[in-house]
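If you want the building blocks of each chain, they are given just below.
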Amino acid sequence: NKKIEADVFELTLPADVTVEENKVEPAEQITVDDAKQLLGEFLTLPEEDGITLKNIEKLDMAESYEISFMYLKDENPAFTISIFKPEAPLEPVAEEEAVVRGQKATLMDLDSFRVLTWDEGGLRYSVLFDDLTITTEQFTQLADKMVLSK
């Protein structure tokens, strides 16, 4: 093996360069009531058939925020539903189109990554599957049971 000198990894910056540190704030744990204040009415899954809500997080974005609901199935991570107010209509950028709750949706389904996204009631819902054994069809059946938060 060839020895690599340490100075290969050094960078000398010009004197007039300003170095800025960009901090990413961690997500904030919030309640359902907090989410209602931020989003207004939104769809939630009823806790049944082994599906339970683990926690809710608020993630601050550049000019908005995203609320993420982490769900378990039988005590194991199942999926996260993120909700935010979109700036533009949903554009089909996924490999496949789908339908969720009668709405056009996009589906990106890779070997180790699946996300299903649709717009409804002025909000965008994105589902990131932690448990890839839950099929898109199974989730759409769950989504049909979603109810408006009041």
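Predicted, not measured: the structure shown is a model, and the values here were computed from it. (Residues numbered from 1 in each chain as written. Predicted model: local features only at pLDDT ≥ 70, side-chain atom pairs only at ≥ 80, totals over all residues. Heavy atoms only, no water.)

A.B. asks: Provide a residue-level description of the overall build of the protein chain, including the pertinent values.
C.D. replies: Scanning the protein chain from terminus to terminus reveals two helices and 10 strands. Secondary structure elements of the protein chain, listed N to C terminal, follow the sequence β-α-β-β-β-β-β-β-β-β-α-β. Relative to a compact globule of 150 residues, whose C-alpha radius of gyration would be 15 Å, the protein chain shows 20 Å and is clearly more extended. With respect to the principal axes defined by its C-alpha atoms, the protein chain has extents near 60 × 40 × 35 Å. Looking at the protein chain as a whole, 33% of its 150 residues qualify as buried. Considering only intrachain contacts with a sequence separation of at least 6, the fraction spanning at least 24 residues in the protein chain is 48%. With the model as given, the accessible surface of the protein chain reaches about 10300 Å², and the carbon-plus-sulfur share is 50%. Here the protein chain carries 14 positive and 33 negative side-chain charges, and the mean point of each set is 3 Å from the other. (Helix = DSSP H or I, 4+ residues; strand = E, 2+ residues; numbered from the N terminus. Rg over C-alpha atoms; globule rule 2.2 N^0.38 Å. Buried < 20%, exposed > 50% of the residue type's maximum accessible area, 1.4 Å probe, protein only. Contact = heavy atoms within 4.5 Å. Areas by Shrake-Rupley, 256 points an atom, 1.4 Å probe, with all protein chains shown as cover. Lys, Arg positive; Asp, Glu negative; His and termini not counted. Charge placed at Lys NZ, Arg CZ, Asp CG, Glu CD.)

A.B. asks: Break down the sheet that holds strand β8 (residues 113-120) for me, with residues and values.
C.D. replies: Here we have eight strands laid out as an open sheet, ordered β1-β3-β4-β5-β9-β8-β7-β6, and antiparallel in their pairing. Lying at the two open borders of the sheet, with one neighbouring strand each, are β1 (28-30) and β6 (96-100). Across this sheet, the average inter-strand angle for adjacent strands is 25°, counted without regard to direction. Where helix α1 (residues 32-39) meets the sheet, its contacts fall on β1, β3 (51-60), β4 (65-73), β5 (76-84) and β9 (123-129), and the angle it forms with β4 comes to roughly 145°. Contacts from helix α2 (residues 136-143) reach β3, β5, β6, β7 (103-110), β8 and β9 within the one sheet, and its direction differs from that of β8 by about 30°. (Pairing = 2+ DSSP bridges. Axes fitted to C-alpha atoms, helices over the stretch in contact; angles between N-to-C directions.)

A.B. asks: Explain the pairing of β5 to me, and be specific about the residues and the numbers.
C.D. replies: A large share of β5 lies buried, amounting to seven of its nine residues. One ladder, built from seven bridges, connects β4 with β5; its direction is antiparallel. Looking at the pairing, Ile67 lines up with Ile83 of β5. Joining the antiparallel neighbours β4 and β5 is a turn of two residues, in which Asp74 adopts a positive phi near 55°. With six bridges joining them, β5 and β9 adopt antiparallel strand pairing.

A.B. asks: Give a description of unusual backbone geometry that names residues and reports values.
C.D. replies: Here the phi dihedral of Asp49 falls at roughly 55°; this positive angle occurs in a residue that is not glycine. Exposure remark for Asp49: the relative accessible area of 52% places this residue in the exposed category. The phi torsion at Glu75 lies on the positive side, around 75°, for a residue other than glycine. Examined against the element boundaries, Glu75 turns out to sit in the loop between β4 and β5. Under the relative-accessibility criterion, Glu75 is labelled exposed at 69%.

A.B. asks: Explain α2 to me, using residue names and the numbers behind them.
C.D. replies: Given 3.6 residues per turn, any residue in an α-helix points the same way as the ones three and four places further on. Every buried residue of α2 is accounted for by Thr136, Phe139, Thr140, Leu142 and Ala143. Within α2, the buried residues cover an arc of 155° as seen down the axis, which keeps them to one side. The exposed residues of α2 that point more than 90 degrees off its buried face are Glu137 and Gln141. Contacts from the buried residues of α2 go to β3, β5, β6, β7, β8 and β9. (Arc of directions from axis to C-beta.)

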